[in-house]
Amino acid sequence: MKIAVWHNLLTGGAKRALHMHVKGLHERGHRLHIYSTTASDQTYLPLRPYAESEQLLALPSLDGRRAFLHRLLKDFTSSDAAARMARLKQLNQHGLECSNLIKRDGCDVLFANSCQFTYNSPIGSFSDAPSVSYLQEPFRPFYEASPRLPWLLPDSPTAHPRNPVKRLAERSRELHHNHALRLQATEELRWAKKFTRILCNSQYSRESILRAYNLEPKVCYLGIDSDLFSPVASGKLPYVIGVGSLHYTKRLQAAISAIASIPRTIRPKLLWIGNFADESYRQFLHHFAIENDVTFEHRILVTDDQLRMAMSQAACFLYTSHLEPFGLTHLEANACGTAVVAVGEGGVREPLVPGINGYLTLDNDPQELGEIVARFTEDIRYAEDMGAQAREHVVTHWSVRAAIDRLEQHLQDVVK
């Protein structure tokens, strides 16, 4: 097949999943053409080596009328809302431009992936070809409290109860803000409906998309390259590792609290590796770790070799992400011979089999998490044995070959 691949991704798990898919399809003889924006990251796991072409389009510039009106009415409009609406217009124009290129290149099927700005993609709205969207998740901030639903009333009452002009301006900004949210949610649903088929990474994600859109996606599980992620250390050390951005959605505070619940005399170090760090959250975490007498170390943008080494040597992998749709890092840790201790929520409940490749807790209880972690850090032989069992499980049940089989079948189905 001649496949058009669209994405607008930075670093992270979604780009790693796309890289796995593109590489696997290329190895099976499919002809790939990549379409993306100049805002995407082309250096992290580049796709160009597996494609016949890669075209990067700058997001279209918008005319100055909207900016002029915003400046004129700046006291009565929301700058965030104006930026959101401008971005939607840019993405729709970009989708139209990309679809013309895809039509010119004569692709058999469109394989669309996530957008860093809106998660969903506008490209399916303009494509004449059969289309598949691999949607990791709907735009979560609209559908779950992360940390607060955006359409709730402010916590504090109006700041200008006796000034009618300022009160009117505040209400106008609120209406403008809510209109922008409704517009994006409406566009997101419209975009999703235009795809021939929507794929997702887990049953949990399927339910999230069903709740948000009332559309029926199909689960297409990802896989792990167990040759790339494999044990590279001769033995384990009594520390705990976690992987993910230093962002509140990864809930590192819970991980530090779990380590702090372990008696001080046997308390292990927590090493965290991420692709980026929110600076204010990073500072909070280090202060929180000091207050709780936890040795906390973080590293940003390490190499794959460094990541494999750190995962292989760790006694266990601690996974505390907030309602993560699926996640790859816990399976990568398994492939490196390390068992996982996870909060039992979101998509992690599907690949993690208690007692086989790790353990799940019923909720975010730091004491329970800490007790399970201590089993691994206090008994390195147990950590090594269960890590070997975890790797065998991943190799058997979560291979890249099986993942590409699933995706390839979906693409062939929509073309037929």
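Scroll up to find the structure.
The present account deals with the structure reproduced in this document. Keep in mind it's a predicted model, so treat the numbers as computed, not measured.

Parameters at a glance
Residues numbered from 1 in each chain as written. Predicted model: local features only at pLDDT ≥ 70, side-chain atom pairs only at ≥ 80, totals over all residues. Heavy atoms only, no water. Helix = DSSP H or I, 4+ residues; strand = E, 2+ residues; numbered from the N terminus. Rg over C-alpha atoms; globule rule 2.2 N^0.38 Å. Buried < 20%, exposed > 50% of the residue type's maximum accessible area, 1.4 Å probe, protein only. Contact = heavy atoms within 4.5 Å. Areas by Shrake-Rupley, 256 points an atom, 1.4 Å probe, with all protein chains shown as cover. Salt bridge = Lys/Arg side-chain N within 4 Å of Asp/Glu carboxyl O. Expected span 1.5 Å × (residues − 1). Pairing = 2+ DSSP bridges. Axes fitted to C-alpha atoms, helices over the stretch in contact; angles between N-to-C directions. Disulfide = S-S within 2.5 Å. Polar contact = N/O pair within 3.5 Å; in protein donor to acceptor, adjacent residues only side chain to side chain.

1. Notes on the overall build of the protein chain
- Each helix and strand in the protein chain was counted, giving 13 helices and 13 strands.
- Taken over C-alpha atoms, the radius of gyration comes to 23 Å for the protein chain, in line with the 22 Å a tight globule of 416 residues would show.
- Dimensions of the protein chain, computed from C-alpha atoms along their principal axes, come out at roughly 65 × 65 × 35 Å.
- The 416 residues of the protein chain split such that 51% are buried.
- Counted over contacts in the protein chain with a minimum sequence separation of 6, partners at least 24 positions apart contribute 73%.
- Total accessible area on the protein chain is roughly 19,000 Å²; 52% of this is exposed by carbon and sulfur atoms.

2. Overview of the pattern of salt bridges
- Across all of its chains, the model carries 21 salt bridges by this definition.
- A salt bridge links Arg28 to Asp405; the nearest nitrogen and oxygen atoms lie 2.6 Å apart. With Arg28 in the loop between α1 (13-27) and β2 (31-37) and Asp405 in helix α13 (residues 400-415), the pair connects residues that are 377 residues apart, well separated along the chain.
- Of the residues examined, Asp405 reaches a relative accessible area of 38% and is grouped as partly exposed.
- Between Asp385 and Arg381 there is a salt bridge, with the nearest N and O atoms lying 3.5 Å from each other. A residue pair is termed a helical-turn pair when its members lie 3 or 4 positions apart in one helix, as Asp385 and Arg381 do in helix α12 (residues 380-397) at four residues.
- Bridged by salt links that share partners, the residues Arg16, Asp304 and Glu332 form one connected network.

3. Re helix α3 (residues 79-105)
- With 27 residues, α3 should cover 39 Å at 1.5 Å per step; its first-to-last C-alpha distance of 39 Å lies within 8% of that length.
- Phi for Gly106, located one or two positions after α3, is positive at around 70°.

4. Notes on the sheet that holds β2
- Strands sit in the order β3-β2-β1-β4-β5-β6-β7 across an open sheet of seven strands; the sheet is parallel. Every interior strand has two partners, whereas the edge strands, β3 (53-57) and β7 (218-219), have only one.
- Two strands pair when backbone bridges link them, and strand β5 (residues 131-134) and strand β6 (residues 197-200) are joined in this way by three bridges, in the parallel orientation. Bridge pairing in β6 places Ser133 opposite Ile198.
- Sheet strands in contact with α1 are β1 (2-8), β2, β4 (109-115) and β5, and its direction is about 165° off that of β1.

5. Examining unusual backbone geometry
- With an omega of 0°, the peptide bond between Ser146 and Pro147 qualifies as cis.
- You can see Pro147 is positioned in the loop between α4 (140-143) and α5 (164-194).
- With a phi close to 55°, Asn214 is a non-glycine residue in the positive phi region.
- Here the phi dihedral of Asp293 falls at roughly 55°; this positive angle occurs in a residue that is not glycine.
- Position of Asp293 relative to the elements: it lies in the loop between α8 (279-291) and β10 (296-300).
- Classification of Asp293 by relative accessible area gives partly exposed; the value is 38%.

6. A look at the environment of Thr38
- You can see Thr38 is positioned in the loop between β2 and β3.
- The residues contacting Thr38, other than those within four sequence positions of it, are Leu56, Leu57, Ala58 and Leu59.

7. Side note on the state of the cysteines
- A complete count under the given rule lists zero disulfides for this structure.
- No disulfide involves Cys115; its sulfur sits 11 Å from that of Cys98, the nearest cysteine.
- Overall, Cys115 belongs to the buried group, its relative accessible area being 2%.

8. Quick look at the environment of Glu52
- As for its position among the elements, Glu52 is in the loop between β2 and β3.
- Judged by relative accessible area, Glu52 falls into the partly exposed class, the value being 40%.
- For the pair Glu52 and Leu246, spaced 194 residues apart in sequence, the C-alpha separation works out to 36 Å.
- Ignoring sequence-local partners within four residues, the contact set of Glu52 consists of Arg31, Leu32 and His33.
- A polar atom in the side chain of Glu52 sits 2.8 Å from the side chain of Arg31.
- There is a polar contact of 3.1 Å between the side chain of Glu52 and the side chain of His33.

9. Focus: the sheet that holds strand β11 (residues 314-319)
- Across the sheet, six strands lie side by side as β10-β9-β8-β11-β12-β13; this open sheet has parallel pairing. For this open sheet the edge positions go to β10 and β13 (358-361), each flanked by a neighbour on one side alone. Averaged over all adjacent pairs, the angle separating strand axes in this sheet is 20°, with direction ignored.
- As paired elements, strand β8 (residues 237-243) and strand β9 (residues 269-274) share five bridges and run parallel to each other. The residue of β9 that forms the bridge with Val243 is Ile273.
- On top of the sheet, α12 reaches β8, β11 and β13; it is set at about 100° to β13, its chief contact.

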